[in-house]
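Okay, here's what each chain looks like letter by letter:
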Amino acid sequence: MAPQIDYFMSLNSPWTHLGAARLEAMAARHGATIRIFPVDYGTIFKATGGLPLPQRSPQRQAYRMMELKRWRDHLGIPIRLEPRFFPMREALPAHCVIALRETQGQAPAIRFAHRVLKAVWKEDQDPGDEATLAALIAETGHDAPALLHLAADPRWAAQRAADTEAAIARGVFGAPTCILGEEIFWGQDRLDFLERRLARGG
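Residues numbered from 1 in each chain as written. Predicted model: local features only at pLDDT ≥ 70, side-chain atom pairs only at ≥ 80, totals over all residues. Heavy atoms only, no water.

Q: Describe the pairing of strand E2 (residues 33-38), listing the residues and the values that go with them.
A: Where strand E1 (residues 4-9) and E2 come together, six bridges link them in parallel fashion. Paired with Ile5 across the strands is Ile34, a residue of E2. In this fold, the crossover linking E1 to E2 by way of helix H1 (residues 14-29) has right-handed handedness. (Pairing = 2+ DSSP bridges. Helix = DSSP H or I, 4+ residues; strand = E, 2+ residues; numbered from the N terminus. Right-handed = clockwise from strand over helix to strand, strands pointing away.)

This is the structure:
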């Protein structure tokens with residue numbers, strides 16, 4: 001059986017953006033599958049003692065910016081350090097990802113989620129704006145009016161809430177988090193450890 005990576009991510013997270021393509025490539029190298037969960041980190045932070053960025057101390061905010069610059073330069077991945085639309089309104093894009101996951105499968109959902117991240121963190125776009133979101137949907141090969149209509153179904157909000165509670169129960173507290181078996185790998189800077197685990201046979 002192929003190893004299965006459960007991928008808990010935020011569509012607002014620069015760290016998720018920095019790890020996105022690397023995670024996909026790693027899974028492909030090791031024949032692993034990825035299950036994507038665009039969960040609500042506002043709820044997760046409240047449950048696990050985390051704080052949204054504006055509520056963190058000036059010292060933590062300053063260090064975050066230093067780390068983003070270091071990782072941008074180390075990885076050679078373009079990223080806007082202070083995008084205009086951060087944080088963007090995440091609910092509708094997340095519901096689109098979940099609707100794709102549940103109706104078309106993991107790969108289309110992952111592809112679209114990573115396109116949303118690129119729009120925010122590389123292109124200074126606002127996927128929380130419905131017209132921008134529709135363009136991203138079309139660009140990734142989907143029928144934008146149909147997916148937006150589907151994403152408005154309340155079941156996807158309920159599914160996201162259930163996925164979020166399941167994430168908390170499994171020990172998730174930050175983004176991105178990958179879980180392989182019972183082992184948790186938090187942060188794009190832990191992907192090397194995930195790959196080592198996959199190399200041992202998942």
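Okay, back to it.
Q: Mind laying out the packing of aromatic side chains, listing which residues take part and the relevant values?
A: One pass over the structure, following the stated rule, counts four aromatic pairs. Plain terms: the ring middles of Phe86 and Trp121 are 5.1 Å apart, the flat faces sit at 50 degrees to each other, and that makes the pair tilted. Here Phe86, found in the loop between helix H3 (58-75) and helix H4 (91-104), pairs with Trp121, found in helix H5 (residues 106-121); they are 35 residues apart in sequence, far enough to count as distant. Ring plane angle 55 degrees and centroid distance 4.8 Å describe the contact between Phe173 and Trp186, whose orientation is recorded as tilted. In this pair, Phe173 sits in the loop between helix H8 (154-169) and strand E3 (177-180) while Trp186 sits in strand E4 (residues 183-186), placing the two residues 13 residues apart along the sequence. A relative accessible area of 38% places Phe173 in the partly exposed class. Assessed through its relative accessible area of 43%, Trp186 is described here as partly exposed. Across from the ring centre of Phe193, 4.9 Å away, lies the NZ or CZ of Arg196, which sits over that ring. (Phe/Tyr/Trp six-rings, centres within 6.5 Å; stacked < 30°, edge-to-face > 60°. Buried < 20%, exposed > 50% of the residue type's maximum accessible area, 1.4 Å probe, protein only. Lys NZ or Arg CZ within 6 Å of the ring centre and 35° of its normal.)

Q: Could you give an account of the pairing of E3, naming the residues involved and the relevant values?
A: Burial of E3 is two-sided: the residues Thr177 and Ile179 facing one way and the residues Cys178 and Leu180 facing the other way are all buried. Summarising the sheet, E1 and E3 pair through four bridges and their orientation is antiparallel. Each bridged residue has a counterpart across the sheet, and for Tyr7 the counterpart in E3 is Cys178. Pairing analysis gives four bridges linking E3 to E4, with the strands arranged antiparallel. Counted as the bridge partner of Ile179 is Ile184 from E4.

Q: Which residues make up the packing of H1 against H3, and what values go with them?
A: Packing of H1 against H3 leaves a shortest axis separation of 11 Å and a crossing angle of 20 degrees. Taken as axis vectors, H1 and H3 run roughly parallel relative to one another. Crossing hand, H1 versus H3: left-handed. Side by side, H1 and H3 meet where Pro14, Trp15, Leu18 and Arg22 of the first sit next to Arg64, Glu67, Leu68, Trp71 and Leu75 of the second. Of the residues belonging to the contact of H1 with H3, the class tally is six nonpolar, no polar and three charged. (Axes fitted to C-alpha atoms, helices over the stretch in contact; angles between N-to-C directions. Parallel < 35°, antiparallel > 145°, perpendicular 65-115°, else oblique. Left-handed = near helix turned anticlockwise from the far one by under 90°. Contact = heavy atoms within 4.5 Å. Nonpolar A, V, L, I, M, F, W, Y, C, P; charged D, E, K, R; others polar.)

Q: Can you tell me about the nonpolar core, naming the residues and giving the values?
A: Ile5, Phe112 and Leu194 are the most contacted members of the largest nonpolar core, which totals 49 residues. Not counting the four nearest positions on each side in its chain, Leu194 is found in contact with Ile5, Leu23, Met26, Cys178, Leu180 and Phe185. Within the second largest apolar cluster, ten residues are counted, among which are Phe8, Val39, Tyr41 and Phe45. (Core = buried A, V, L, I, M, F, W, Y, C linked by side-chain atoms within 4.5 Å.)

Q: Now, about helix H2 (residues 41-48): what can you tell me, with residues and values included?
A: Buried residues of H2: Tyr41, Ile44 and Phe45, and no others. Buried residues of H2, seen end-on, are gathered within an arc of 100 degrees and therefore sit on one face of the element. Residues of H2 that are buried make contact with E1, H8 and E3. The distance from a side-chain oxygen at the start of H2 to the backbone nitrogen of Gly42 is 3.0 Å, and the residue carrying that oxygen is Asp40. (Arc of directions from axis to C-beta. Polar contact = N/O pair within 3.5 Å; in protein donor to acceptor, adjacent residues only side chain to side chain.)

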